[in-house]
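Examining the three-dimensional arrangement
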Amino acid sequence: MMNFFAPHLPLLDLIFVGTGYALSQAIVFRAGTFSVATSGFAAVGAYAAAILTVKHGFHPAAGVAVGTLLGLLCGLLLSVPLARLRGVYQAIASLAFVEIVVAFILFFEELTGGPLGFHNIPRAATTWTLFLAMLATMALLILLGKGGIGRAFDAIRQDPPVAASLGVNPTKYHVLSFALSGAIAGLFGGLDAMRNFSLTAEQFGFAILIGTLSAVVLGGRRSVMGPLVGTTILVLLPEIFRPLADYRQAIYGLLLVVVMAFLPFGVYDTIIMKLHNRRLARAGMLLPPKAAS
Amino acid sequence: MSSLVLTGVGKRFGGLQAVSPFDMEIARGKITGLIGPNGAGKTTVVNLITGVYKLSQGSIRFGDIDLTEATRHEVARAGLARTYQTIRLLPDATVVANVMIGMYRHQRASLLSQLFALPSSRAETARFRDEVFHLLERFGMTRYAEYPAGALSYGDQRRVEMMRALALKPEVLLLDEPVAGINEVEAAKLGDIFRALATEGKGMAVLLIEHNMRFVTNLCDYVYVLDSGTLISQGSAEQVVNDPVVVKAYLGDDEDA
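Residues numbered from 1 in each chain as written. Chains lettered and ligands numbered in written order. Predicted model: local features only at pLDDT ≥ 70, side-chain atom pairs only at ≥ 80, totals over all residues.

Topic: the overall build of chain B
Along its length, chain B carries ten helices and ten strands. Scaling as 2.2 N^0.38, a compact globule of 257 residues should have a C-alpha radius of gyration of about 18 Å, and chain B matches this with 19 Å. Along the first, second and third principal axes, the C-alpha set of chain B runs to 60 × 40 × 35 Å. Taking all 257 residues of chain B together, the buried fraction comes to 45%. Partitioning the intrachain contacts of chain B with sequence separation of at least 6 by distance along the chain shows that 68% fall at a separation of at least 24. (Helix = DSSP H or I, 4+ residues; strand = E, 2+ residues; numbered from the N terminus. Rg over C-alpha atoms; globule rule 2.2 N^0.38 Å. Buried ≥ 20, exposed ≤ 12 C-beta atoms within 10 Å, placed from the backbone. Contact = placed C-beta atoms within 7 Å.)

Right, here's the structure in full:
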């Protein structure tokens, strides 16, 4: 069994780490914030874990733990200025945060290796570690989605003034979503470092940012499964289309456009919604809506 | 018996005095009416009470609580709930989910308990769900429980909005034209519910903003009349309707308006 999977293990690693990043992105979307700061948090977590482990002799797990905490801290700090902004302005401000982190990594060469990258990181995170981290994160998000936090996030995303008029303090949940997003991205950033032997600043610029956004849009923004489905598609597609060689990128772009046009809520969320509607119809609850009263 | 008391409340937008300073009392156990022609400033008054706008003058008190500077969510936590003139539901969420959000004020489970869905948080959610279904029953909406709110008919959406406000178990209920676009039979049914809300149990203080004069005169214990941002009359429904100033400003010459 393991022999069959062995050549594909790097792909599984990519799926698990990518899903972690996508979950970090999805949680701010769920709270109605248009932030793309995830790759910045990930960079902080990754470099913190790598530097502490390689240069200061930390146990890899301790390094990753500190990276997670630093990601959480960055989330908290960033939520203060971003709470005053809305929509596309939040996106621009969070993009600026990512650029600042990347610039910082490039500038402080002695600490981070600068443009040459940071190398010789022990490969401490096995595929199983990554899988369990992803499962634990998904479980946490499913659990918090079931209670009052999930309800508050949904209300704030759909209509902030109405949410406030029902007693929900928008700032509190805004801060909470950023703290969670930062911690999750910091965790998977640290694990990413422990998987890849080396880090470069550029990978945390547009590569992770765009990959993460695409995964969430493709898979689904609202469910916890959506990011996993989206990431899996994005990781496997280039392999499936390998024979197409040069056309791979074109196919990739085309697929994103098609999904956005025909499955606006993402592959997974759209299917779930259709199933829900069919269940209602079967229970005789799907009357012609406008004639219902 | 705490009432909502507005003292000298006024609102300026730049140089424009949108609402001139006025006093108002919304008493518990009573239905207070607020009427006036279009653009009189009725909704502005609700927005001032609920913290959407900051007051330019005056103060608002609810019992011992000073709401003059309160933000929207503080107003809601103090026990004031409102509905909107144009319906504002979460259209993609189910009817149950919409009403559940109204229960937020009664949430006691700690953040940690909610994060990990510990038993205390789960028990609370289950209890809220039960209460929501009681409300659905009262409004005859049980069959639409799992239906996306945005797909309901207009009248049913109004009911969902009302249930959401009631889920707060408010002490003050502010209804901004709750029967607009609803036929008279259905409106009368809602009127009975409003009456019951004001008088049942501890009783709520209900503020009813309305165009429909017959509905107001049948239902309200006390009526305020606003015209161009100025309070021009107040008293029992009968007094107000027969007040020549009101007739001139609001009803014009047309007797059945």
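Details of the overall build of chain A
Along chain A, the regular secondary structure elements total 14 helices and zero strands. Across chain A, helices and strands are ordered from the amino to the carboxyl terminus as α-α-α-α-α-α-α-α-α-α-α-α-α-α. With 293 residues in all, chain A has 51% of them scored as buried. Taking contacts inside chain A between residues at least 6 apart in sequence as the whole, the part at least 24 apart equals 78%.

Topic: the sheet that holds strand β9 (residues 222–227) of chain B
Residue and element names in this part refer to chain B. Taken in spatial order, the six strands of this open sheet run β6-β7-β8-β3-β9-β10, and their pairing is mixed. Looking at which strands have only one partner, the edges of the open sheet turn out to be β6 (80–82) and β10 (230–235). Across the sheet, the axes of successive neighbouring strands diverge by a mean angle of 15 degrees, strand direction being ignored. As defined by bridge partners, strand β7 (residues 172–176) adjoins strand β8 (residues 205–209) across five bridges and the pair is classed as parallel. Within β8, the position partnered with Leu-173 by the bridge is Val-206. Each of β3 (31–35), β6, β7, β8 and β9 touches helix α1 (residues 42–49); the most contacted strand, β7, lies at about 150 degrees to it. Where helix α7 (residues 184–199) meets the sheet, it contacts β3, β7 and β8, and its direction lies at approximately 150 degrees from that of β8. (Pairing = 2+ DSSP bridges. Axes fitted to C-alpha atoms, helices over the stretch in contact; angles between N-to-C directions.)

A few points about the pairing of β3 of chain B
All names here are of chain B. In terms of burial, β3 is a largely internal element, five of the five residues being buried. Here β3 runs beside β8; their pairing, made up of four bridges, is parallel. Among the inter-strand pairings, Gly-33 is bridged to a residue of β8, identified as Leu-208. In this sheet, β9 lies alongside β3 in parallel orientation, the contact comprising four bridges. Bridge pairing in β9 links Ile-35 to Val-225.

Thoughts on the sheet that holds strand β5 (residues 65–66) of chain B
Residue and element names in this part refer to chain B. The antiparallel open sheet is built from four strands, whose spatial order is β2-β1-β4-β5. Each edge of the open sheet carries a strand with a single partner, namely β2 (16–26) and β5. Alignment of strand β1 (residues 4–13) against strand β4 (residues 57–62), held across five bridges, turns out to be antiparallel. Paired with Val-5 across the strands is Arg-61, a residue of β4.

Focus: the domain arrangement of chain B
Residues and elements named next belong to chain B. What the domain assignment reports for chain B is domain 1 (1–79 + 170–257) and domain 2 (90–167). Here the C-alpha centre of domain 2 lies 27 Å away from the C-alpha centre of domain 1. The partner domain 2 presents six residues to the eight residues of domain 1 that form the contact. For the side of domain 1 that touches domain 2, the per-class residue count stands at five nonpolar, one polar and two charged. (Domains from an automatic or database assignment. Nonpolar A, V, L, I, M, F, W, Y, C, P; charged D, E, K, R; others polar.)

Focus on the interface of chain B and chain A
Contact with chain B, which involves 33 residues of that partner, is made by 26 residues of chain A. Elements with a minimum of two residues in the side of chain B that touches chain A: α2 (72–77), α3 (95–101), α4 (111–115), α5 (119–138) and α6 (154–167) of chain B. Among the elements that take part in the side of chain B that touches chain A, α2 of chain B stands out by supplying four residues, more than any other. Across the side of chain B that touches chain A, the residue classes tally to 15 nonpolar, nine polar and nine charged.

Considering the nonpolar core
Within the largest apolar cluster, 162 residues are counted, with the highest numbers of intra-cluster contacts made by Tyr-47 of chain A together with Val-206 and Leu-208 of chain B. Considering every element that reaches this core, the biggest residue donor is helix α10 (residues 170–196) of chain A, with 13 residues. Shared between two domains, this core holds at least three residues of each, these being domain 1 (1–79 + 170–257) and domain 2 (90–167) of chain B. With residues up to four places along the chain from it excluded, the contact list for Leu-208 of chain B reads Ile-31, Thr-32, Gly-33, Leu-175, Phe-194, Val-216, Leu-219 and Cys-220 of chain B. (Core = buried A, V, L, I, M, F, W, Y, C linked by C-beta atoms within 7 Å.)

Notes on the environment of Ala-136 of chain A
If you trace the backbone, Ala-136 of chain A turns up in helix α7 (residues 127–146). The spatial distance from the C-alpha of Ala-136 of chain A to the C-alpha of Leu-69 of chain A is 17 Å, given a sequence separation of 67 residues.

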